[in-house]
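Each chain, written out:
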Amino acid sequence: MAPKSLLLAHQLRNKNVLVIGAGDVALTRLKKLIPTGCKITIIGPEFNSELKEAYCSHCDPSTGIDDQWQVNGGVYRCIPEKFQDDYLSLYQDGVNSNWALILVCIPDGTISKHIYSLGKSKFGQQQLINVADDKPMCDVYFGANWEDESLQVLISSNGAGPRFTALLRDEIGQMLSELHLSKSVENLQKLRSSVQIHAKGPESTKFRMKWMSRCTELFGVRNCHQMDVNSLVNLFQEMYSKRTLDFPPDTISRYSI
């Protein structure tokens with residue numbers, strides 16, 4: 001069996017990401033990158049019209065830079081030229097490339113392989129690179145994402161069937177839309193923050209984490225949105241004082257709104 005990928009939530013806020021190519025594939029990448037707040041530099045001789053209008057409109061025509069990108073959103077820097085090797089070193093600091101990700105989104109396989117090899121030789125194997133539609137040259141994959149205000153779900157086939165994972169995402173999304181997920185996550189966050197105030201220190205941490213886990217399991221996916229958080233905090237204090245994790249048999253009915 002082939003090794004599996006480690007699925008992680010990658011924090012990219014304020015980190016540099018290089019996108020090479022500005023066509024249809026790059027557009028799909030930007031739609032996923034922009035919400036992360038990363039600092040995108042995009043290079044390409046021709047820009048997709050939708051991409052340019054949606055994400056590059058604030059870039060200065062002379063410098064290609066948007067000095068207010070954190071306020072405006074979108075792309076930080078546009079370079080309307082063919083890729084040149086020196087572009088990999090735009091923000092280099094010593095041996096550090098300062099690229100959290102390098103994404104190659106061009107149809108030319110020879111140039112793509114050159115960029116991949118150059119990035120690895122220049123910055124080491126730890127440099128994360130994704131070459132679109134070329135699995136052996138992908139350190140990371142773009143899966144199918146489902147999300148609402150508070151939750152993100154990623155489905156990955158490790159690059160084998162992106163369309164299939166998108167269809168599966170849609171199926172799962174239909175099921176999840178029936179649940180009150182945002183309210184559930186909101187309640188759980190409030191409850192977690194509140195019990196942390198009432199139980200501090202190394203000894204209390206273990207109890208608090210077990211209590212939160214059991215409370216969440218007890219209410220389950222379909223009932224967490226009905227939690228009466230204030231009443232549950234009182235229950236926690238009572239159970240913590242007795243150091244018991246035995247919830248009352250009628251917890252859901254007594255501590256729901």
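- The chain carries the name precorrin-2 dehydrogenase in an unreviewed UniProt entry, which gives Zygosaccharomyces rouxii as its organism.
- As its UniProt record puts it under Pathway (unreviewed entry), the chain is described as follows: "Porphyrin-containing compound metabolism; siroheme biosynthesis; sirohydrochlorin from precorrin-2: step 1/1."

### Looking at the UniProt feature "domain: Siroheme biosynthesis protein Met8 C-terminal" (unreviewed entry) in the chain
- In the UniProt entry, the feature "domain: Siroheme biosynthesis protein Met8 C-terminal" (unreviewed entry) is given for residues 181–244.
- Spanning residues 181–244, this segment combines 78% helix with 0% strand, and its end C-alpha atoms are found 29 Å apart.

### Some thoughts on the packing of helix α6 (residues 181–198) against helix α7 (residues 202–219)
- At a minimum axis distance of 11 Å, the contact between α6 and α7 shows a crossing angle of 155°. Taken together, α6 and α7 sit at an angle that is classed as roughly antiparallel. The handedness of the crossing between α6 and α7 is right-handed. Touching Leu188, Leu191, Arg192, Val195 and Gln196 of α6 are Arg208, Trp211, Met212, Cys215 and Thr216, all from α7.
- In the contact of α6 with α7, the residues fall into 6 nonpolar, 2 polar and 2 charged.

### Things to note about helix α5 (residues 162–176)
- Helix length check: α5, at 15 residues, gives a terminal C-alpha distance of 21 Å against a target of 21 Å (1.5 Å per residue), a fit within 8%.
- Three or more residues of α5 are buried, namely Thr165, Ala166, Gly173 and Leu176. All buried residues of α5 project into a common sector of 100° when viewed along the axis, lining one side. What points out from α5, more than 90 degrees from its buried face, is the exposed set Arg163, Phe164, Glu171, Gln174 and Met175.
- The inward-facing, buried residues of α5 abut β6 (144–147), β7 (152–155) and α6.

### Let's talk about the UniProt feature "domain: Siroheme synthase central" (unreviewed entry) in the chain
- Per the UniProt record, "domain: Siroheme synthase central" (unreviewed entry) is found at residues 149–174.
- Along residues 149–174, the helical share is 50% and the strand share 15%, with 16 Å between the first and last C-alpha atoms.

### A look at the domain arrangement of the chain
- According to the domain assignment, the chain consists of domain 1 (16–142) and domain 2 (181–255).
- Distance between the C-alpha centres of domain 1 and domain 2: 44 Å.

### Quick look at the side chain of Arg29
- Among the secondary structure elements, Arg29 is positioned in helix α1 (residues 24–33).
- Buried and unpaired, Arg29 has no salt bridge, with Asp133 as the nearest side chain of opposite charge at 8.1 Å.

### Focus: the layout of surface pockets
- Of the pockets and cavities examined, the largest pocket occupies roughly 1,100 Å³.
- Contributing to the lining of the largest pocket are 27 residues, with Leu8, Ala9, His10, Asn145 and Leu154 lying nearest its centre.
- If you list the elements that add at least two residues to the lining of the largest pocket, you get α1, β6 and β7.
- Taken together, the residues of the lining of the largest pocket break down into 14 nonpolar, 8 polar and 5 charged.
- Its boundaries defined by the atoms lining it, the second largest pocket holds a volume of some 670 Å³.
- Forming the boundary of the second largest pocket are 27 residues, of which Arg29, Lys32, Phe142, Gly143 and Pro162 lie nearest the centre.
- For the lining of the second largest pocket, the secondary structure elements donating two or more residues are α1, β5 (129–131) and α5.

### Focus: the nonpolar core
- Formed by 22 residues in total, the largest nonpolar core has its most connected members in Val17, Val19, Leu30, Leu33, Ile42, Leu51 and Val75.
- Of all the secondary structure elements, the ones that give two or more residues to this core are β1 (16–20), α1, β2 (39–43), α2 (49–55) and β4 (101–104).
- No other element matches α1, which puts 4 residues into this core.
- With sequence-adjacent residues up to four places away left out, Leu30 is seen in contact with Val19, Pro35, Ile40, Ile42, Leu51, Tyr55 and Val75.

### With respect to the side chain of Asn16
- Counting through the fold element by element, Asn16 comes out in strand β1.
- At 3.4 Å, the side chain of Asn16 forms a polar contact with the backbone oxygen of Asn98.
- Ignoring any residue separated from it by four or fewer positions in sequence, one finds Asn16 in contact with Lys39, Tyr91, Asn98, Trp99, Ala100 and Leu101.

### Brief notes about the pairing of β4
- Neither face of β4 is open: one carries Leu101 and Leu103, the other Ile102 and Val104, and all of them are buried.
- Where β1 and β4 come together, 4 bridges link them in parallel fashion. Considered in β4, the bridge of Val19 is made with Leu103.
- Across 3 bridges, the pairing between β4 and β5 is parallel. Within the sheet, the bridge partner assigned to Leu103 lies in β5 and is Asn130.

Conventions we followed
- Residues numbered from 1 in each chain as written.
- Predicted model: local features only at pLDDT ≥ 70, side-chain atom pairs only at ≥ 80, totals over all residues.
- Heavy atoms only, no water.
- UniProt positions renumbered as here; feature names shortened; annotations may be inferred.
- Helix = DSSP H or I, 4+ residues; strand = E, 2+ residues; numbered from the N terminus.
- Axes fitted to C-alpha atoms, helices over the stretch in contact; angles between N-to-C directions.
- Parallel < 35°, antiparallel > 145°, perpendicular 65-115°, else oblique.
- Left-handed = near helix turned anticlockwise from the far one by under 90°.
- Contact = heavy atoms within 4.5 Å.
- Nonpolar A, V, L, I, M, F, W, Y, C, P; charged D, E, K, R; others polar.
- Expected span 1.5 Å × (residues − 1).
- Buried < 20%, exposed > 50% of the residue type's maximum accessible area, 1.4 Å probe, protein only.
- Arc of directions from axis to C-beta.
- Domains from an automatic or database assignment.
- Lys, Arg positive; Asp, Glu negative; His and termini not counted.
- Salt bridge = Lys/Arg side-chain N within 4 Å of Asp/Glu carboxyl O.
- 1 Å grid on protein atoms, 1.4 Å probe; cavity = no way out; pocket = protein on both sides within 12 Å on 5 of 7 lines; lining within 4 Å.
- Points joined across faces, edges and corners; volume = space filled by probe spheres on them.
- Core = buried A, V, L, I, M, F, W, Y, C linked by side-chain atoms within 4.5 Å.
- Polar contact = N/O pair within 3.5 Å; in protein donor to acceptor, adjacent residues only side chain to side chain.
- Pairing = 2+ DSSP bridges.

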